[in-house]
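Working through the structure, step by step
The residues making up each chain are set out below.
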Amino acid sequence: AVVKELQDRLAGYKVEYKDLVAQGEKIKSEITTVKAKVDRSVRLIQNLTTERERWDRDCAGFQEQMDTVVGDCLVSAAFLAYIGYFNQSYRVMLVEKWQDRLQELQVVCQPELSIISYLSTPTQRLQWVADKLPSDDLCTENAIMMSRFNRYPLIIDPSGQATEYLLTHYKSKKIIQTSFLDDSFLKNLESALRFGNALLVEDVESIDPILNPVLNHEITRQGGRILITVGDKEIDFSPAFTIFLSTRDPTCHFTPDLCSRVTFVNFTITQSSLTSQCLSKVLRSERPDIEQKRHDLMKLQGEFRVRLRTLEESVLQALNSVKGNILDDDEVMNSLENLKVEAGQVTEKMAQSETVMEEITDVSNQYRSFAAACSRLYFTLESLGDVHYLYHFSLQFFLDIVDDILSGKGKGIVPGQDSDDDDEAKHSQKHLLHLTLQLFYLTYKRTTRGLLIKDQTAFALRLAQLFLEDSDDSLPYDQLDFLLRGKGGLEEADVPASLEFSKGKRLLLATLGALPAFANLTSHMSSNVDAWKRFANPNLDDDEQKAEEKADGGAKEASLSVALPTGWEDEKASTVLRKLQHLLVVKVVRPDLLPEMVRVFVDTVFGAGFRAQTDQVDIGSIVSDEINSRVPMLLVSLPGYDVSGRIDALASELGKRVGDEYKSFAMGSPEGYELANEAVRRAAKRGTWVLLKNVHLSPSWLSRLEKSLHLTVPHKDFRLFLTMELSPKVPVNLLRLSHVMIFEPPVGIKSSLVRTFTSLPARRVNKAPVERARLYFMLSWLHAVVLERLRYTPVGWTKGFEFSEADLRCAMDAVDEWVDNTAQGRANLRPNQIPWGALRALLDQIVYGGRIDNEFDQERLEAFVSSLFREECYDMNFALCQTFDDEQRTFKPLLKIPDCATFEDFRQWIVDMPDMKNPEILGLPHNAELMILEAQGRHICRELQQLQEDAHEAEANAHLGRRASIVRRGSMDFRSSAAGAGMKRQSTRSLLSQRPAWMTAMYEQVAGYLKRLPQKLSKLSRSPNAMRNPMFRALEREVNVFAAHLVLVRSDLLAIERVLTGRQKPTADQRLMIKALQKDQLIKSWNAYTVEVMPIGMWMDDLAARLEVLAEISDIVQNEPASLPAFPTWLGGLRVPQAYVAASRQYVAQTHNWSLEELTLKVTVLSDDKKNAPVTPEEKTDSFLFTKMTLFGAGWSDGHLAITNEVAFHMPPMRFHWVHTPLKADGTKASVDSDNAVRVPVYLNSTRHDLLFHINLEAPAGVAKEVWSQRGTCLTVWNSNI
């Protein structure tokens, strides 16, 4: 019993223990569950807290976005609808104006709204870049507009970048590229409309009306079909259809009707966008790791934002679908966990992105100088189009240069370049400098092939200026401004009189001496008179000059900087800046040395090998290495110089079979157009060569050729060569598409003779009679002289007459005919039997004279022909040209005719002939070269000024618009407030302080012009007696014209002042005026009378001087008309000087009641010995006194013309006396001049474009009259140096 009891108790204890164990396990399980729930709840709270913080931030940002959504959407919509036509700076300006306007209307918008970020995603932008869209803001904005349009886009795409992007981006939509010239255009349009393809229509300068229904979205619905009418057909319209219109002409104007139906998208490149593109290129090449990081960063930003958005949506969906206890839902917990992890990764990545962005920015800044140099270089190439109609270079041309540099093709182009360096940082900087040098070298090398020789120096100087920008040797603004626009002030420099500087030089020296770097210049001149006198004298004795050159150890070119006295320069200036200072001094003291000093400066900046790159041109390497099948080669030559033989020789050298692999056609007739078109089409398919000659004769056909070439995808071996003479009618797009090379014949008499005798067959020259060979040589010599004198225009000839090799061939054919008819087969022909009169008439009246339209040029040609083609040319010592002996004051032979009788002898004599550059060979004064060099110097400065980039042009226009709106808004706000009722208008001083520096400088410039000009020019008072006076009528016309012109100029200047101070919104005309003032050019509307090309400041001085003279003359005519003849009148100050001289003749005829035909002009030069000579009563009443006339090609001494070394001689006052010479019975009149008098033309200015009249001047008896004509002796009534 006890055992059983114990057993029962034990069993009870076991059950109890089991229950307790179960309860313990249950408690443990509950503890574990509760702990897990607590942990989950903690994690949930933490996760939700983290999300809440992030969502709170997002909600706050969302609230800010909601507050600005209306304004942001308005700005974005306006951006998409209106802004596509404008360039980048105008877009920024317009967005700012819109935001200002919204602020006035109390519509909130983001102040720093990024249109790109607002309207596109990083993923989209990456895809666009992958589709060959340039990675700059301008192109990205344009891509946004082309993806969000309502009206079909019309794209302005000069560079072709948009076309390349569209063809890649819409490749999946089977985009079709076509144009209105395409025969299958209508078929392509219908297909795209029906199947929903993309269509790119190029060259839409004029829109085909068949597109009107498409642009207007004129669709109709019939049943379930959507239809559109094209022509006379109804076509099914697919909603997926897209059309893009494109033009490569940035100057094209479209009708308002079309503008309202399309969305303009302007891809015209800007400096900032090109800088971004080039920066991307150099980073991809030099630092691909950094470019990859930037790409990955943009990609990560887009991917993580998308991932976060997906996780947020999954969490919200999981929370929304929870059933029961949320702590028991593993899906929600896992989603929240994943979201936390992803958010943490995003935060970490974003933190890392800041570091990556700093690294990207640092590295980008290292290469930004290279990218900026690229941008400045390209826009310099663009500005070359203002210099010459032939200078147009495409963006692809320049980008090819950049790509070649980055790919390593520029290595070795810079002499002595060595990139080895142990210091990595220094090596990187040195490497960047090497890249930049290679860029400038290669740009100069390739660009100058398409430039005339006269323009290459200014281009090299511009490149040197660009290379020095942002460096320690950057050209100081004040010195650069003096080089470009330097003009004298009102005070003269205090320099010794023994230096014999003209007034113009002393005025320039005063201006130059005012610059800080030239503070010691005038004092140095005073203390070193002899050195400066030797340097300043261009007519230094030849023997002395040679001795100096020998002592200096070099020729004039090498010793130029040594010959210039030194010791006055800024001691702190570098070598480059010292050369610049030398350049400015040379411009003032020795302007004829300016071209050479520019070359010295360029060599100092780049090295001696920079300009030498242009010495040799290998067409073969260019064809094989630099151009591809889509780029034709355009070979341009001067008239009469054929370069097609170079292509023939190249084709022969490469084994191209003529007629099969190489074909040539001469253009000029419509019959040849179709043949040329067919030949080009076949060659493009087969990969052969085609040469089209003289394409300048077919300008209209060239436009069609260019458009067809643009659409053609040719064989890789296809090459198209075009030859032409200089012609402004060639389409600009063809010039941009082509690789242009300009060929100029070598200068010099010897080069011309060599060309002639190289092209002449020996048997023709040696044909009997033997005298024929000498006639051929005389023709060749005359032709060489005629052509070479063109270099000295307007001294050699007054204008560039189109003499050519055809004239020489025609003359030789005529000589053959005359000689053959006279010789009748005989082996010899006596010189006196040659028909000299017929030959001279043929040459000076028909062959060469037929191209001349100036009587004094005709007289000059006759002088050459008569001096060469005469019996004496067969004498042993016959002089081909003469030189003036200063000591004996006589002419001596300079070069005698060779004693030759055969072709071989003449050719050998020409080969052995020294390459003489003496202008006396051409009959010109020996100092004529100085005139040409001075003209070249002025041309360099003027061209350099044209090449100055409009660095702030667009920003200037934008600033002008902003300033006007700010002033107007400020005045509007003021008017709306009672507190400001008595406030005055903003002062000019306060407005000046808000403007950029260039506007302040221009304001002061305009204010100076207004001070310089009088307020008005009083008009003459009419009376019956005054109106009968011819002098009064002539002067009244002058005064009325200049009075009206003064009103126009002053009103324009005052308007520009108001624009610059922001008081007036600029008009289109005023913007052009400001642009002209920025470039120091004459405003077109002010060009009311003929003047030389000059800076605007000099033009203002000239206008002020003219107005002063007219005011003085008007006062005399009004009050003391009888004293007018004795008043020294400046003819050059009148608008029509010849009318004034004619009026003086009428005045004398009317006074004495004489016939005009009975009056003869006698001119007396009032030199020192005649100034006090008694004046006869007739001379007192019948003569007029004129001053400030300049004599070229001669001087005046001892009462007659004289051979002189001076380039220009300022004549003393000249008396024009109208002498009464009654007509004789035979209709002739008695001469009032001696037999030695020569006719001298009188021109308006030194350009010799405007012939006014001629006068007779006394000449010495010992000098032939032909000499004065050959020397280009003339007078001008206006001269810039007076």
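All values reported here derive from a predicted model rather than from experimental measurement.

When helices and strands are tallied, the protein shows 46 helices and 26 strands. Per-residue burial for the protein yields a buried fraction of 48% across its 1282 residues. When contacts within the protein are restricted to residue pairs at least 6 apart in sequence, long-range pairs at least 24 apart make up 74% of them. Surface exposure of the protein reaches about 62000 Å², of which carbon and sulfur atoms provide 51%.

On to the environment of Ser637. With respect to the helices and strands, the residue Ser637 is situated in strand S9 (residues 633-637). Placed 88 residues apart in sequence, Ser637 and Glu725 show a C-alpha to C-alpha distance of 5.0 Å. Discounting residues that sit within four places of it in the chain, Ser637 has contacts with Val643, Met724, Glu725, Leu726 and Phe743.

Next up on the list: the confidence of the model for the protein. Summary statistics for the protein give a mean pLDDT of 85 and a share of 89% for residues scoring 70 or more. Confidence over residues 541-559 falls short of pLDDT 50; this stretch has 16 contacts with residues more than four positions distant or in other chains. This model gives residues 951-986 a pLDDT under 50, and the stretch forms 45 contacts once residues within four places in sequence are excluded.

The next subject is helix H34 (residues 855-868). Helix length check: H34, at 14 residues, gives a terminal C-alpha distance of 20 Å against a target of 20 Å (1.5 Å per residue), a fit within 8%. Within H34 the residues assigned to the buried category are Phe856, Asp857, Gln858, Arg860, Leu861, Ala863, Phe864, Val865 and Leu868. Residues of H34 that are buried make contact with helix H31 (771-788), helix H33 (836-847), strand S14 (879-885), strand S24 (1238-1243), strand S25 (1251-1257) and helix H46 (1265-1270). At the N-terminal boundary of H34, the capping side chain belongs to Asn854, with an oxygen 2.8 Å from the backbone nitrogen of Phe856.

Okay, the packing of aromatic side chains next. Taken as a whole, this structure holds 43 aromatic pairs when the rule is applied. In this structure, Arg789 packs its charged tip against the face of Trp797, placed 5.6 Å from the ring centre. The ring of Trp1130 carries Lys1188 above its face, with NZ or CZ at 4.9 Å from the centroid.

Let's shift gears to the environment of Tyr165. By the secondary structure assignment, Tyr165 is in helix H6 (residues 161-169). In this structure, the C-alpha to C-alpha distance between Tyr165 and Trp128, residues 37 residues apart in sequence, is 7.9 Å. Excluding its chain neighbours within four sequence positions, the residues that come into contact with Tyr165 are Trp128, Asp131, Lys132, Leu133, Ala143 and Met146.

Our next topic: the nonpolar core. Nonpolar side chains in soluble globular proteins generally cluster together in the buried interior. Core analysis: the biggest nonpolar cluster contains 124 residues, and Trp532, Phe606 and Leu692 have the highest contact counts within it. If you tally residues by element for this core, the top one is helix H12 (residues 330-383), at eleven residues. Ignoring anything within four residues of it in the chain, the contact list for Trp532 reads Leu499, Leu521, His524, Met525, Leu564, Pro565, Trp568, Val585 and Val589. Counting 88 residues, the second largest nonpolar core, distinct from the first, contains Ala1043, Ile1096, Ile1203 and Phe1216.

The next subject is the sheet that holds S24. Reading across the sheet, the five strands line up as S22-S19-S26-S24-S25 and stay open at both edges, with mixed pairing between neighbours. The open sheet is flanked by strand S22 (1208-1210) and S25, the only strands paired with a single partner. Between one strand axis and the next, the sheet turns through 30 degrees on average, direction left out of account. Note that strand S19 (residues 1190-1192) and strand S26 (residues 1274-1276) share three bridges and pair antiparallel. By the bridge assignment, Phe1192 is partnered in S26 with Cys1274.

Reading across from one edge, S10-S11-S12-S9-S13 is the order of the five strands in this open sheet, with parallel pairing throughout. What marks the edges here is a single partner per strand, and that holds for strand S10 (662-666) and strand S13 (739-743). Between one strand axis and the next, the sheet turns by 15 degrees as a mean value, whatever way the strands run. As defined by bridge partners, S9 adjoins strand S12 (residues 719-725) across five bridges and the pair is classed as parallel. Counterpart to Met633 in the pairing with S12 is Phe721.

All right, on to helix H16 (residues 477-485) then. All of the buried residues along H16 are Gln479, Leu480, Phe482, Leu483, Leu484 and Arg485. Buried positions along H16 lie against helix H15 (453-468), helix H17 (503-513), helix H22 (575-589), helix H36 (928-947) and helix H42 (1068-1078).

Judged by side-chain polarity, Val34, Val38 and Val42 come together as a nonpolar surface patch covering roughly 220 Å² of accessible area. Exposure remark for Val34: the relative accessible area of 48% places this residue in the partly exposed category.

At a minimum axis distance of 11 Å, the contact between H31 and H34 shows a crossing angle of 155 degrees. Regarding the angle of H31 to H34, the classification is roughly antiparallel. Both H31 and H34 take part in a crossing whose hand is right-handed. Within the contact between the two elements, H31 uses Met778, Trp781, Leu782, Val785 and Val786 and H34 uses Leu861, Phe864, Val865 and Leu868.

Reading the values: the criteria
- Residues numbered from 1 in each chain as written.
- Predicted model: local features only at pLDDT ≥ 70, side-chain atom pairs only at ≥ 80, totals over all residues.
- Heavy atoms only, no water.
- Helix = DSSP H or I, 4+ residues; strand = E, 2+ residues; numbered from the N terminus.
- Buried < 20%, exposed > 50% of the residue type's maximum accessible area, 1.4 Å probe, protein only.
- Contact = heavy atoms within 4.5 Å.
- Areas by Shrake-Rupley, 256 points an atom, 1.4 Å probe, with all protein chains shown as cover.
- pLDDT = per-residue confidence, 0-100.
- Expected span 1.5 Å × (residues − 1).
- Polar contact = N/O pair within 3.5 Å; in protein donor to acceptor, adjacent residues only side chain to side chain.
- Phe/Tyr/Trp six-rings, centres within 6.5 Å; stacked < 30°, edge-to-face > 60°.
- Lys NZ or Arg CZ within 6 Å of the ring centre and 35° of its normal.
- Core = buried A, V, L, I, M, F, W, Y, C linked by side-chain atoms within 4.5 Å.
- Pairing = 2+ DSSP bridges.
- Axes fitted to C-alpha atoms, helices over the stretch in contact; angles between N-to-C directions.
- Patch = residues over 30% accessible without salt bridge, like charges linked within 9 Å, V, L, I, M, F, W, Y side chains within 5 Å.
- Salt bridge = Lys/Arg side-chain N within 4 Å of Asp/Glu carboxyl O.
- Parallel < 35°, antiparallel > 145°, perpendicular 65-115°, else oblique.
- Left-handed = near helix turned anticlockwise from the far one by under 90°.

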